[in-house]
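For reference, the chains in residue letters:
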Amino acid sequence: MKYIFRLGVIVGCAMLLLSCSDSGRSQAEAAEQSAILARLDALEAETEIRNKLQSYMDVLSASDWDKFVTYFTRDAVLVMTEGNRQGREDIKQRMAGATARFAAAALGRPVYKRADLLSILKVEVHGETADVKSRFTFLSQTAQGGFEVAGSGLYIDTWAREDGEWLIAQREVDYDLLRTTVAPAATQQ
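Residues numbered from 1 in each chain as written. Predicted model: local features only at pLDDT ≥ 70, side-chain atom pairs only at ≥ 80, totals over all residues. Heavy atoms only, no water.

Trainee: Looking at this structure, how should I read the environment of Ala45?
Mentor: Examined against the element boundaries, Ala45 turns out to sit in helix α2 (residues 27-62). Overall, the relative accessible area of 1% leaves Ala45 in the buried class. Along the sequence, Ala45 and Glu128 sit 83 residues apart, while their C-alpha atoms lie 9.1 Å from each other. When neighbours within four sequence positions are excluded, Ala45 is seen to be in contact with Val125, Arg161 and Trp166. (Helix = DSSP H or I, 4+ residues; strand = E, 2+ residues; numbered from the N terminus. Buried < 20%, exposed > 50% of the residue type's maximum accessible area, 1.4 Å probe, protein only. Contact = heavy atoms within 4.5 Å.)

Given below as structure tokens:
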């Protein structure tokens, strides 16, 4: 909410400054106007990236790999523990392959609900690129009806404008709480 408020204030100030005539403006006023416009651009970029990250999670949950890859630049790099993928088609094949493997492994088992969450978004815009860090958490329903963390980690991204649109240019997926990598409980002695 505070981002929307800030954006509104900056837009209002920018419009006021732009409505003033150029005659009689000092260099300081011109510099201030330029700074306000730069801040406005950065806030608009941050808002677009945050909104895209939220809708990205919906597309990920739906396993819509055709739409999924539209969140990435044409030559994006996806860095994962099993290796790097580059370009939309390669990224799409990786995601579709993982979905097929998971479906085959779950064949004949009950289908449980899941939730894919995104939190702790940090966005730093630097002109035409942005450094973005966010936490993803995958929850999966248990046989008892509750939920457990199936995986969690960080997306460490570089976003870039491609054809005027903010997209992921590079994403490192850093699993730090993957269920299958948790060490077994220590035995009591």
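Trainee: Would you explain the confidence of the model for the chain in this entry?
Mentor: Any region with low pLDDT has predicted coordinates that should not be read closely. This prediction gives the chain a mean pLDDT of 83; 80% of its residues lie at or above 70. Per-element averaging of pLDDT across the chain places helix α1 (residues 2-19) at the bottom with 58 and strand β1 (residues 72-80) at the top with 97. Here residues 180-189 is modelled with pLDDT under 50, and outside its nearest four sequence neighbours on either side it reaches zero contacts, counting other chains as well. (pLDDT = per-residue confidence, 0-100.)

Trainee: What is the right way to look at the pattern of salt bridges in this model?
Mentor: Side chains bearing opposite charge may pair, as long as their charged atoms lie close to each other. Counted according to the given criterion, the structure contains 15 salt bridges. With its nearest N and O atoms 2.3 Å apart, the salt bridge here joins Asp66 to Lys92. Taken together, the residues Asp66 in helix α3 (residues 65-68) and Lys92 in helix α4 (residues 88-105) connect sequence positions 26 residues apart. Its relative accessible area of 24% is what places Lys92 among the partly exposed residues. When the shortest N-O distance is used, the salt bridge between Asp176 and Arg135 registers 2.9 Å. Of this pair, Asp176 sits in the segment after β6 (165-175) while Arg135 sits in strand β4 (residues 129-141), and the two are 41 residues apart along the sequence. Bridged by salt links that share partners, the residues Arg74, Arg88, Glu162 and Asp163 form one connected network. (Salt bridge = Lys/Arg side-chain N within 4 Å of Asp/Glu carboxyl O.)

Trainee: Explain unusual backbone geometry to me, please; I cannot follow it from the model alone.
Mentor: Trans is the common state for peptide bonds, and a negative phi is the common state for residues other than glycine. Of note, Ser63 is a non-glycine position whose phi angle comes to about 55 degrees, a positive value. Structurally, Ser63 can be placed in the loop between α2 and α3.

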